[in-house]
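Descriptive analysis of the structure
In case you want the letters, here they are:
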Amino acid sequence: MLRSQESLVWVAVTVALVALCAAALAGPYHSGIGAGWRNPLAALCLSMYAVGAVGVIFLGVCHHRLVRAITSIARQLRSKHGAPLQEKKPWGRGNAVRTLQADLEDREALVERLESELSDLRIRARLSERQKQHTEAILYSLRDAVVVLDDHNRLTMANAPAARLLGFDLEADRYRPLNDICGERHGEFVQFLQQSAQSRVEGTRRELTFSLEEDLHTFDTIVSCVQEGQAVLGVVAVLHDVTREKEISQMKNDFISHVSHELKTPLASITAYSEMLVDGEADDEDTRKEFYGIIQSQAQRLNRLIEDILNVSRIESGLMKTAKEPASLTILIEQQMSMIRSYAEEKNITVTGPAPIVYDQVYADRDMMSQVIVNLLSNAVKYTPAGGSVTVRTAVDETTGRAQVAVTDTGVGIPEDEVEHVFDKFYRVGANNKQAKGTGLGLNLVKQIVEKIHTGRVFVTSRVGAGSTFGFELPLAKVEMAEAT
Amino acid sequence: MTANKILVADDEIHIIHVVAIKLRNNGYDVVSANNGAEAYELACEEKPDIVVTDYQMPVMTGIELIEKLRANEETRHVPVVLLTARSFAVTQEQQEALGVSACLSKPFSPKELLKTLQDILHQQELALQH
């Protein structure tokens, strides 16, 4: 548009000059010839001259105004960009236009740059959103409870285990102060988080107790303070349930303590009697023989104890090698009966074996099953006073596909509150301790062998003063082998 | 002069037997019990000069026995020696709180037990003289 206006100006100037020249030439010529037709020509020339002049002036004014406008825009653009303003107005139309053009080009470049940055920012925002979603997915899939608070101790993020543990609804309680949400129920936990935020420590650890499903659980709680420079952005707490681990650790400690005690007991006798012999405190040969006998029996007791402990440990840890094959329970029982009868005869106890059964084959490791039978029989004889009886019965239930062995004695019996514990490791019925001594592992070994290795079941019934029945059930060989195929 | 009487409580008969032989060979009178409850009744009856008790016993443990002895005016001052097969079963603070004069770990030496009892009785004599 500027160029077309420029052309118009030049056309107008040319017309004006031509009109002026024509008027100048036509004037003298007009006075020499007739006046009729020469006056209109002069008038025309003069008119054209006047129009041309007015046109030039008009266009000149328009141009000037245009230049001023362009210059003003250019100045405004520069002032916005902070570019130095020109001291003087650029002279002439050309400079103003060039200045404006340059500014517009700069503006365009800036817009392009900003658009590019905006696009980058959009991409980053999408990536950031995706990362946030991944982080949240990780958080929500954790079994440990995770709680995230902002710098005002308000809940911003938590997973389902945390909501269950602390008793809140994440959507309803988001952005509420944690103290308001669960300060009353879990004051110690809330205080721990607040202290960590104040102390700005990166990671502190504490064991806290929470009530979960009517049980007390112990949680290993780690709290980290999130900082940016000097500013605390919030805290993150991770709670790991260590209740079961502590129970197992306590059980292990108890087991070791028990084992140590049980091993030291026969050792104490061996040490004491050895010292007495060495110091010559056994006056006569009979006393010395008695001492030798005690040392020997206690050494054997120690050996049995060690074997039992090892067997129990191997079975529990699944390291016990087994050699299962079809075996008749009646035959296994008969094989052990001859050994037990000689022990029973010393106490004048009658031992009655089972009636033979047509088919009572079980799929079992013979050595282990023999150990089970020996343990049950020797316990029955041990805890039966002289003159009593021990009876072994077997039975087969085709319907359930199981064979059963029951050993009944007329012994001292077990108190009702202790019956459920008799198969526990190292458990010995207190009142019966005088009757006989044992490792406290015999019945536990029976339970491990029957239940863990042979998928059977042990059982016991008892009445104090009347006697006890200990027994076990095993799947019949044909049933077990059919299931295996 | 009447011999000092020692009450020995342990659920292991072999331990009672060897301690009794050692102490009797050295001029002590010995009475024995197989559990804490029996030991308490015997202590009230026999008024021993020292009670030697195992830590782990059926019916009533050694600690429960000591607590009961301390609660009874007639037996609260009797010195007690604790035998235990459990390492670190009783801390120094617990021993002081219960008034346990000495704690010996199993396996123990009968000689060492004898010396411990002799030291306790000697301390008692000195205390009486002053």
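Residues numbered from 1 in each chain as written. Chains lettered and ligands numbered in written order. Predicted model: local features only at pLDDT ≥ 70, side-chain atom pairs only at ≥ 80, totals over all residues.

Section: the overall build of chain B
Helix and strand counts for chain B come out as five helices and five strands. Secondary structure elements in chain B, listed N-terminal to C-terminal, are β-α-β-α-β-α-β-α-β-α. If you take every contact in chain B between residues at least 6 apart in sequence, the share linking residues at least 24 apart comes to 59%. (Helix = DSSP H or I, 4+ residues; strand = E, 2+ residues; numbered from the N terminus. Contact = placed C-beta atoms within 7 Å.)

Some words on the overall build of chain A
From N to C terminus, chain A includes 13 helices and 12 strands. By the burial criterion, 26% of the 485 residues in chain A qualify as buried. Residue pairs at least 24 apart in sequence account for 60% of intrachain contacts in chain A once pairs closer than 6 positions are excluded. (Buried ≥ 20, exposed ≤ 12 C-beta atoms within 10 Å, placed from the backbone.)

Structural notes on the interface of chain B and chain A
Listed by partner, the interface residues are 21 residues for chain B and 20 residues for chain A. For the side of chain B that touches chain A, the elements supplying multiple residues, two or more each, are helix H1 (13-25) and helix H5 (110-129) of chain B. With six residues, H1(B) is the largest single contributor of residues to the side of chain B that touches chain A.

A closer look at the nonpolar core
Core analysis: the largest hydrophobic core is formed by 43 residues, its most contacted members being A:Val362, A:Val372, A:Leu376, A:Leu377 and A:Val390. For this core, the element with the most residues is helix H11 (residues 366-382) of chain A, which contributes eight residues. With sequence-adjacent residues up to four places away left out, A:Val372 is seen in contact with A:Val446, A:Ile449, A:Val450 and A:Phe472. One finds B:Val8, B:Val80, B:Val81 and B:Ala85 within the second-largest nonpolar core, a separate group that totals 38 residues. (Core = buried A, V, L, I, M, F, W, Y, C linked by C-beta atoms within 7 Å.)

Side note on the packing of helix H10 (residues 329-346) of chain A against H11(A)
All names here are of chain A. As a packed pair, H10 and H11 sit with axes 9 Å apart at the nearest point and diverge in direction by 30 degrees. Every pair of crossing elements has a handedness; the one defined by H10 and H11 is right-handed. Judged by residue contacts, Leu332, Ile333, Gln335, Gln336, Ile340, Tyr343 and Ala344 of H10 engage Arg366, Met369, Ser370, Ile373, Val374, Leu377, Ser378 and Val381 from H11. Counted by class, the contact of H10 with H11 contains 10 nonpolar, four polar and one charged residues. (Axes fitted to C-alpha atoms, helices over the stretch in contact; angles between N-to-C directions. Left-handed = near helix turned anticlockwise from the far one by under 90°. Nonpolar A, V, L, I, M, F, W, Y, C, P; charged D, E, K, R; others polar.)

Considering the pairing of strand S2 (residues 29-33) of chain B
For a regular strand, side-chain orientation follows a simple rule: the groups alternate between the two sheet faces. Residue and element names in this part refer to chain B. Judged from the five bridges that link them, strand S1 (residues 5-9) and S2 form a sheet pairing that is parallel. If you follow Ala9 over to S2, its bridge partner there is Ala33. Each parallel crossover has a hand, and for S1 linked through H1 to S2 it is right-handed. (Pairing = 2+ DSSP bridges. Right-handed = clockwise from strand over helix to strand, strands pointing away.)

Here we look at the packing of helix H8 (residues 243-278) of chain A against helix H9 (residues 285-316) of chain A
Residue and element names in this part refer to chain A. Packing of H8 against H9 leaves a shortest axis separation of 9 Å and a crossing angle of 160 degrees. In terms of their interaxial angle, H8 and H9 are classed as roughly antiparallel. Where H8 crosses over H9, the two elements pack in a sense that is left-handed. When H8 is examined against H9, the residues Val259, Glu262, Leu263, Pro266, Leu267, Ser269, Ile270, Tyr273, Ser274, Met276 and Leu277 are found in contact with a partner set consisting of Arg288, Phe291, Ile294, Ile295, Gln298, Ala299, Arg301, Leu302, Leu305 and Ile309. For the contact of H8 with H9, the class distribution of residues is 15 nonpolar, three polar and three charged. (Parallel < 35°, antiparallel > 145°, perpendicular 65-115°, else oblique.)

Quick word on H8(A)
In a regular helix each residue adds 1.5 Å, so 36 residues correspond to 52 Å; H8(A) covers 51 Å between its end C-alpha atoms and thus fits that length. The sharpest bend along H8(A) measures roughly 25 degrees and falls at A:Thr265, with the proline A:Pro266 sitting one to four residues further on. Among the residues making up H8(A), those that are buried are A:Glu262, A:Thr265, A:Pro266, A:Ala268, A:Ser269, A:Ala272, A:Tyr273 and A:Met276. Residues of H8(A) that are buried sit in contact with H9 of chain A together with H1 and H5 of chain B. Phi turns positive one or two residues past the end of H8(A), at A:Gly280, with a value near 70 degrees. (Expected span 1.5 Å × (residues − 1). Bend = angle between axes of the 7 residues up to and from the residue.)

Some details on the sheet that holds strand S3 (residues 204-212) of chain A
Residues and elements named next belong to chain A. Taken in spatial order, the five strands make up an open sheet running S2-S1-S5-S4-S3, and their pairing is antiparallel. Each of the sheet's edge strands pairs with one partner strand only, and the pair in question is strand S2 (155-158) and S3. Averaged over all pairs of adjacent strands, the angle between their axes in this sheet comes to 25 degrees, without regard to strand direction. Pairing of S3 with strand S4 (residues 215-228) involves nine bridges; the strand directions are antiparallel. Across the sheet, the residue bridging to Ser211 is Leu216, located in S4.

Notes on the sheet that holds S2(B)
Residues and elements named next belong to chain B. If you trace the five strands from one edge of the open sheet to the other, you get S2-S1-S3-S4-S5, paired in parallel fashion. Either end of the sheet is taken by a strand with one partner, and the two such strands are S2 and strand S5 (100-105). For this sheet, the mean inter-axis angle between neighbouring strands, taken without regard to orientation, is 20 degrees. Judged from the five bridges that link them, strand S4 (residues 80-84) and S5 form a sheet pairing that is parallel.

Section: H1(B)
End to end, H1(B) covers 18 Å across 13 residues, agreeing with the expected 18 Å (1.5 Å per residue, within 8%). Within H1(B) the residues assigned to the buried category are B:His14, B:Ile15, B:Val18, B:Val19, B:Ile21, B:Lys22 and B:Leu23. Buried residues belonging to H1(B) abut H8 and H9 of chain A together with S1, S2, strand S3 (50-54) and H5 of chain B. Just downstream of H1(B) lies B:Gly27, where phi reads positive at about 85 degrees.

Description of the confidence of the model for chain B
Predicted coordinates in areas of low pLDDT are best not read in detail. Taken as a whole, chain B shows an average pLDDT of 90; of its residues, 97% reach a score of 70 or greater. Scored as a complex, the prediction yields pTM 0.61 and ipTM 0.94. (pLDDT = per-residue confidence, 0-100.)

Describing unusual backbone geometry
Along the chain, B:Lys106 connects to B:Pro107 via a cis peptide bond; the corresponding omega equals -5 degrees. Considering the arrangement of structural elements, one finds B:Pro107 in the loop between S5 and H5. The phi dihedral of A:Tyr175 is positive, around 75 degrees, even though this residue is not glycine. For A:Tyr175, the location among the structural elements is in the loop between helix H5 (170-173) and helix H6 (178-182). In this structure, A:Thr455 is a non-glycine residue whose phi angle is positive, near 50 degrees. Relative to the helices and strands, A:Thr455 is located in the loop between helix H12 (442-453) and strand S11 (457-463).

Considerations on the environment of A:Lys382
Its location among the elements puts A:Lys382 in helix H11. Considered as a pair, A:Lys382 and A:Val412 are 30 residues apart in the sequence and their alpha carbons are 9.9 Å apart.

Concerning the environment of B:Ile120
Residue and element names in this part refer to chain B. You can see Ile120 is positioned in helix H5. C-beta crowding within 10 Å serves as the criterion here: with 18 such atoms nearby, Ile120 is assigned to the partly exposed category. Sequence separation of Ile120 and Asp49 is 71 residues, and the distance between their C-alpha atoms is 9.7 Å. Excluding anything up to four places from it in sequence, Ile120 contacts Ile50, Pro79 and Ser101.

Overview of the environment of B:Leu42
Residue and element names in this part refer to chain B. By secondary structure assignment, the location of Leu42 is in helix H2 (residues 36-46). Residue Leu42 is classed as partly exposed on the basis of its 18 C-beta neighbours within 10 Å. Residues contacting Leu42, with those up to four places away along its chain left out, are Leu7, Val31 and Ala33.

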